[in-house]
Amino acid sequence: LDGLNYWARAIAEEEKTPSEVAEQFLTSNEFVNRNLNNADFISVLYMTFLGREPEPAGFNDWLNKLNTGTARVDVIRQFADSNEFKNIVKSFGL
């Protein structure tokens, strides 16, 4: 609970953006040590950033990018920069 409160406060006080917090979680040792394959990683990103399951075309596009060398942190940043995520953040008044 202390961790959740810390991150919520950091976002509320604009010390961190929601995108920065998500990136820190998704690049943390604890998360990386889960050793998710690319398909599972993409599913996590969809739920984390968009709150939904991936659609087949988008899922396959992201999977192809990861399988051909795009770095996971770059994919995280692209999800964070998506209009869909920005609209979700905006809907929370952030």
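Let me begin by describing the structure that accompanies this report. Note that this is a predicted model, so its numbers are computed, not measured.

**Concerning unusual backbone geometry**
Then step 1. Even without glycine at this site, E14 takes up a positive phi of about 60°.
Then step 2. Along the polypeptide, E14 turns up in the loop between α1 (2–12) and α2 (18–26).
Then step 3. We note that N35 has phi near 55°; this positive angle belongs to a residue other than glycine.
Then step 4. Checked against the element boundaries, N35 lands in the loop between α3 (29–32) and α4 (38–50).
Then step 5. The class of N35 is exposed, set by a relative accessible area of 65%.

**Here we look at the nonpolar core**
Then step 1. Of all hydrophobic cores here, the largest spans 20 residues; its most connected members are F41, I42, L45, F49 and F79.
Then step 2. Residue assignment for this core shows that the elements contributing at least two residues are α2, α4, α5 (56–67), α6 (72–80) and α7 (83–91).
Then step 3. Here the element with the most residues in this core is α4; it accounts for six residues.
Then step 4. The contact partners of I42, leaving out residues within four places of it in the chain, are F59, W62, L63 and L66.

**Some points on the packing of aromatic side chains**
To describe a pair of aromatic rings, you give the distance between the ring centres and the angle between the ring planes.
Then step 1. Applying the stated criterion to the full structure yields seven aromatic pairs.
Then step 2. Centre to centre, the rings of F31 and F41 are 6.3 Å apart; their planes meet at 55°, and the pair counts as tilted. With a gap of ten residues between them, F31 in helix α3 and F41 in helix α4 connect regions that are remote in the sequence. By the burial criterion, F31 is buried, and F41 matches it.

**Comments concerning the packing of α5 against α6**
Then step 1. Remark: α5 packs on α6, axes separated minimally by 10 Å, with the N-to-C direction vectors making an angle of 150°. In terms of orientation, α5 and α6 fall into the roughly antiparallel class. Between α5 and α6 lies a crossing whose hand is right-handed. Between α5 and α6, the residues in contact are W62, K65 and L66 and R72, V75, Q78 and F79, respectively.
Then step 2. Counted by class, the contact of α5 with α6 contains four nonpolar, one polar and two charged residues.

Rules used in this analysis
Residues numbered from 1 in each chain as written. Predicted model: local features only at pLDDT ≥ 70, side-chain atom pairs only at ≥ 80, totals over all residues. Heavy atoms only, no water. Helix = DSSP H or I, 4+ residues; strand = E, 2+ residues; numbered from the N terminus. Buried < 20%, exposed > 50% of the residue type's maximum accessible area, 1.4 Å probe, protein only. Core = buried A, V, L, I, M, F, W, Y, C linked by side-chain atoms within 4.5 Å. Contact = heavy atoms within 4.5 Å. Phe/Tyr/Trp six-rings, centres within 6.5 Å; stacked < 30°, edge-to-face > 60°. Axes fitted to C-alpha atoms, helices over the stretch in contact; angles between N-to-C directions. Parallel < 35°, antiparallel > 145°, perpendicular 65-115°, else oblique. Left-handed = near helix turned anticlockwise from the far one by under 90°. Nonpolar A, V, L, I, M, F, W, Y, C, P; charged D, E, K, R; others polar.

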